[in-house]
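Architecture and fold: a report
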Amino acid sequence: MMGKIGGLFRSTFLVLIVGFPFILERRVHAWSKEGHIMTCKIAQSLLERDAQHAIQNLLPDYVDGDLSALCTWPDQIRHWYKYRWTSSLHFIDTPDNACSFDYQRDCHDPHGKKDMCVAGAIKNFTTQLLHYKEGSSDRRHNLTEALLFLSHFMGDIHQPMHVGFTSDEGGNTIKLHWYRHKSNLHHVWDREIILTAAKELYGKDYDLLLEDIEGNFTDGLWSDDIPSWKECSDLFSCPTKWAVESINIACKWGYKGVEDGTTLEDDYFNSRMPIVMKRLAQGGVRLAMILNKVFSHSHEELAAAT
Ligand SMILES: *[C@@H]1O[C@H](CO)[C@@H](O)[C@H](O)[C@H]1NC(C)=O
Ligand SMILES: *[C@@H]1O[C@H](CO)[C@@H](O)[C@H](O)[C@H]1NC(C)=O
Ligand SMILES: *[C@@H]1O[C@H](CO)[C@@H](O)[C@H](O)[C@H]1NC(C)=O
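Each value, and the rule that gives it
- Residues numbered from 1 in each chain as written.
- Chains lettered and ligands numbered in written order.
- Predicted model: local features only at pLDDT ≥ 70, side-chain atom pairs only at ≥ 80, totals over all residues.
- Heavy atoms only, no water.
- UniProt positions renumbered as here; feature names shortened; annotations may be inferred.
- Salt bridge = Lys/Arg side-chain N within 4 Å of Asp/Glu carboxyl O.
- Near = heavy atom within 4 Å.
- Polar contact = N/O pair within 3.5 Å; in protein donor to acceptor, adjacent residues only side chain to side chain.
- Helix = DSSP H or I, 4+ residues; strand = E, 2+ residues; numbered from the N terminus.
- Nonpolar A, V, L, I, M, F, W, Y, C, P; charged D, E, K, R; others polar.
- pLDDT = per-residue confidence, 0-100.
- Contact = heavy atoms within 4.5 Å.
- Pairing = 2+ DSSP bridges.
- Axes fitted to C-alpha atoms, helices over the stretch in contact; angles between N-to-C directions.

The name given to the protein chain in an unreviewed UniProt entry is Aspergillus nuclease S1, with Dillenia turbinata as the source organism. Listed in UniProt under the heading Catalytic activity (unreviewed entry), the comment for the protein chain reads: "Endonucleolytic cleavage to 5'-phosphomononucleotide and 5'-phosphooligonucleotide end-products." For the record of the protein chain, the UniProt heading Subunit (unreviewed entry) holds the text "Monomer."

Structural data, given as structure tokens:
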């Protein structure tokens, strides 16, 4: 009897605390699952030995060293009561039509708490991971979680519409048609373009798509650009630079020509797809750059990172 009542109470309680934040949640998605997995796979393929080793240590055994298997974890837990504080870390709201990002002005949560945005989160978790080399002395932070958050947010900061306008919630409230079905502008950039590319150009084979992206930065389209992508003399100011790139792309390519009720199809897809692919590649290359610096055992690298 007691057990039954307890159970009933517990399930009602769960609906209240888990269901409620879910209703209030605005940005349900980040770069799609596929986008995050690709960003993390690209990064992992570029890791040096020290970083590879650290990651193997930090990840739970059941993923067998595969970072991409847990890169979507921050999206899965953001509605949990315990992790509600992470909700605003997935994006940045910038002033409508300003097409600019100013860290002091824009990096806060809806209550004005400073640093609670995707750029602040990247700095935060990078700082935490820098303690890894000091051994297990850092008991304040869970470095496994720090690794997963950093890996995920490096993807999000490169999704242009994650640095969007405040009143339309980064394009979430701009309802439109993607070809024949209903969608919204934010979701077009999170997922639709990636899914359409995979389906139309790669026979739904994501490994093939990933190979094409990797081919384009190792020996192709973007190979000359890699040094500039990785350029980052100060790990703590770089997230601002990447967020500025995103809001600029959001204005120039995301919002451009789109209104509520628009139908987007081939023209939009063909001109934006290359940008989405480049942002996935940049996110991966830069995540690897950070992880290599943070976990490197050479003192020179550490000096450059801090
Ligand atoms: C940094 O991470 C800690 C948890 O490890 C969290 O309490 C804090 O709010 C985070 N701050 C930002 C800006 O992400
Ligand atoms: C760190 O976080 C992970 C994921 O939430 C959890 O499974 C693990 O038990 C935590 N580790 C410690 C030492 O608290
Ligand atoms: C790779 O580059 C080729 C040649 O420029 C281009 O046609 C293709 O769309 C690119 N693939 C990706 C995934 O960016």
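1. Regarding the pattern of salt bridges
Pairing is possible between side chains of opposite charge, provided their charged atoms come close. Under the counting rule described, the total for this entry stands at seven salt bridges. Here Asp50 ties to Arg49 by a salt bridge, and the two come within 3.5 Å at their closest N and O atoms. One salt bridge in this structure joins Glu200 and Lys199, with 3.7 Å as the shortest N-O distance. Taken together, the shared-partner salt bridges connect Glu245, Arg279 and Arg286 into one network.

2. Looking at the site of ligand 3
In the vicinity of ligand 3, the contacting residues are Tyr202, Leu209, Asp212, Ile213, Asn216, Leu221, Trp222 and Met277. Note that a nitrogen atom of ligand 3 is positioned 2.9 Å from one of the side-chain N or O atoms of Asp212. Asn216 places a side-chain nitrogen or oxygen 2.4 Å from an oxygen atom of ligand 3. Residue contributions to the shell around ligand 3 peak at four residues, all from helix α9 (residues 206–218). Among the residues forming the shell around ligand 3, the class breakdown is six nonpolar, one polar and one charged.

3. Some remarks on the confidence of the model for the protein chain
On average, residues of the protein chain score 89 in pLDDT, and 87% of them are at 70 or above. Taken as a whole, residues 1–28 scores under 50 in pLDDT and shows 28 contacts with residues more than four places along the chain or in a different chain.

4. Things to note about the sheet that holds strand β4 (residues 181–184)
The strand order across the open sheet formed by three strands is β4-β3-β5, and the pairing between neighbours is mixed. Whereas interior strands pair on both sides, the edge strands pair on one side only; in this sheet they are β4 and β5 (263–264). The sheet contacts of helix α8 (residues 185–202) involve β3 (175–178), β4 and β5, and relative to β4 the element is tilted by about 125°.

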